[in-house]
Amino acid sequence: ELKVEQNPLFLSMQEGKNYTIYCNYSTTSDRLYWYRQDPGKSLESLFVLLSNGAVKQEGRLMASLDTKARLSTLHITAAVHDLSATYFCAVEEGTYKYIFGTGTRLKVLA
Amino acid sequence: EAGVTQFPSHSVIEKGQTVTLRCDPISGHDNLYWYRRVMGKEIKFLLHFVKESKQDESGMPNNRFLAERTGGTYSTLKVQPAELEDSGVYFCASSRDRVDEQYFGPGTRLTVT
């Protein structure tokens, strides 16, 4: 059974600082997703990572995937208040079932 | 293109009552999924439809939950009778093919008192 561990659960950081969210998973998978959720809103797709060594960047967010270590990271550079949200990683089990991490609730303080 | 929509956004019911949640997928998406997040824990898979057929309902917690997808369009998830532990956020997602990325709705927050 595929398990996904995400940490930290909560993250409070000052604007301008850097931090990393970690996502570990227990068995091999073809895809890993990062989502952002604002309160009451849909899960917004941030990144889809498909292969070992994949790195994707969008603005102040950068995601990477190490399939050998079964680890993905979401790195935040020079955080701004607008990045405050809950971030989820999800790993695909089979071809359609997403197994999610517990989420990281990020609060960026001005 | 309209996204996945869910109704209601929030429902508060008493233990023992019945609630029906609705999901409208993106037009043209044959695949529809239900997930839920309970008590701030991880989001868990409930079931998967392809058109009107249930392909995988391995995540459905018990027989108090009934999902349907009439005509392969919108889907409903009925909880009858609701229990306190059913409280959480129920998400719906859809995809064109099963191998495509899933697009999620905003969720329905269910509170059972």
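Just so you know, these numbers come straight off a predicted model, no measurement behind them.

**A look at the pairing of strand E5 (residues 43–49) of chain A**
Residues and elements named next belong to chain A.
Move 1: Relative to E5, strand E4 (residues 32–37) runs antiparallel, the two being bridged by 6 bridges. Bridge assignment links tyrosine 33 to a residue of E5, and that residue is valine 48.
Move 2: Linkage of E4 to E5, two consecutive antiparallel strands, is achieved through a turn of 5 residues, within which glycine 40 is found at a positive phi near 75°.

**Overview of the state of the cysteines**
Move 1: Enumeration over the complete set of coordinates arrives at 2 disulfides over all chains.
Move 2: Covalent S-S linkage joins cysteine 23 of chain A and cysteine 89 of chain A, the inter-sulfur distance amounting to 2.1 Å. Around the S-S axis, the bridge from cysteine 23 of chain A to cysteine 89 of chain A shows a dihedral of about 80° and counts as right-handed. Within this pair, whereas cysteine 23 of chain A is found in strand E3 (residues 19–25), its partner cysteine 89 of chain A is found in strand E9 (residues 85–93), the two being separated by 66 residues in sequence. In this structure, cysteine 23 of chain A and cysteine 89 of chain A share a single accessibility class: buried.
Move 3: One disulfide in the model links cysteine 23 of chain B with cysteine 92 of chain B; its S-S distance is 1.8 Å. Between cysteine 23 of chain B and cysteine 92 of chain B the disulfide shows an S-S torsion of about -65°. By sign, it is left-handed. In this pair, cysteine 23 of chain B is assigned in strand E3 (residues 19–24) and cysteine 92 of chain B in strand E9 (residues 88–95), connecting sequence segments 69 residues apart.

**Overview of the environment of isoleucine 21 of chain A**
All names here are of chain A.
Move 1: Counting through the fold element by element, isoleucine 21 comes out in strand E3.
Move 2: Separated by 17 residues in the primary sequence, isoleucine 21 and aspartate 38 have C-alpha atoms spaced 17 Å apart.
Move 3: In contact with isoleucine 21, other than residues within four places in its own chain, are Gln6, Asn7, Pro8, Leu11, Trp34, Ser72, Thr73, Leu74, Ile76, Tyr87 and Thr104.

**Some words on the pairing of strand E7 (residues 61–66) of chain A**
Residue and element names in this part refer to chain A.
Move 1: Across the two faces of E7 the burial differs, with Leu61, Ala63 and Leu65 buried and Met62, Ser64 and Asp66 not buried at all.
Move 2: Note: strand E6 (residues 55–58) against E7, 4 bridges, orientation antiparallel. From the neighbouring strand, glutamate 58 faces E7, where its bridge partner is leucine 61.
Move 3: Here 6 bridges tie E7 to strand E8 (residues 71–76), and the two strands are oriented antiparallel to one another.

**Some remarks on the sheet that holds strand E8 (residues 75–79) of chain B**
Residue and element names in this part refer to chain B.
Move 1: The 4 strands lie next to each other as E1-E3-E8-E7, forming an open sheet whose pairing is antiparallel. Each having just a single partner strand, strand E1 (5–7) and strand E7 (65–68) make up the two edges of the open sheet. On average, each strand axis in the sheet is tilted by 15° relative to the strand beside it, whichever way the strands run.

**Brief notes about the layout of surface pockets**
Move 1: Computed from the structure, the largest pocket encloses a volume of approximately 790 Å³.
Move 2: Forming the walls of the largest pocket are 31 residues, and the residues nearest its centre are Gln37, Pro39 and Thr86 of chain A together with Arg37 and Arg109 of chain B.
Move 3: Listed by contribution, the elements that provide at least two residues to the lining of the largest pocket are E9 and strand E11 (104–109) of chain A together with E9 and strand E11 (108–112) of chain B.
Move 4: Its residues assigned to classes, the lining of the largest pocket comprises 10 nonpolar, 16 polar and 5 charged.
Move 5: The space that makes up the second largest pocket amounts to roughly 390 Å³.
Move 6: Glu1, Leu2 and Ile99 of chain A together with Glu42 and Lys44 of chain B are, among the 17 residues lining the second largest pocket, the residues nearest its centre.
Move 7: The element contributing the most residues to the lining of the second largest pocket is strand E10 (residues 97–100) of chain A, with 4 residues.
Move 8: Residues that form the lining of the second largest pocket fall into these classes: 7 nonpolar, 3 polar and 7 charged.

Parameters and conventions
- All residue numbers refer to positions counted from 1 along the written sequence of the respective chain.
- Whichever chain is written first becomes A and whichever ligand is written first becomes 1, with later ones labelled in order.
- Predicted model: local features are reported for residues with pLDDT of at least 70 only, side-chain atom pairs are reported and counted for 80 or more only, and whole-chain, interface and lining totals are derived from all residues.
- Note that water and hydrogens are dropped before the side-chain values are worked out from all heavy atoms of the structure.
- Between any two strands, at least two bridges found by DSSP are needed for them to pair.
- A run of H or I in DSSP counts as a helix once it spans at least four residues, and a run of E counts as a strand once it spans at least two, with each numbered from the N terminus.
- Working definition: a disulfide is two cysteine sulfur atoms within 2.5 Å of each other.
- Type-normalised accessible area, obtained with a 1.4 Å probe on protein chains alone, sets the label of each residue: buried when under 20%, exposed when over 50%, and partly exposed for intermediate values.
- The contact rule is simple, with two residues in contact once any of their heavy atoms fall within 4.5 Å.
- An axis is simply a line fitted to the C-alpha atoms; with a helix, the fit covers only the stretch in contact. Between two such axes, the angle follows the N-to-C directions and lies from 0 to 180 degrees.
- Here a cavity means grid points, on a 1 Å grid over the protein atoms only, where a 1.4 Å probe fits yet cannot get out; a pocket means an open set of points with protein on both sides within 12 Å along at least five of seven lines; lining residues are those with an atom within 4 Å of a point.
- Grid points are joined across faces, edges and corners, and a volume is the space filled by probe spheres set on the points.
- Note on residue categories: nonpolar means Ala, Val, Leu, Ile, Met, Phe, Trp, Tyr, Cys or Pro, charged means Asp, Glu, Lys or Arg, and polar means any other residue, Gly included.

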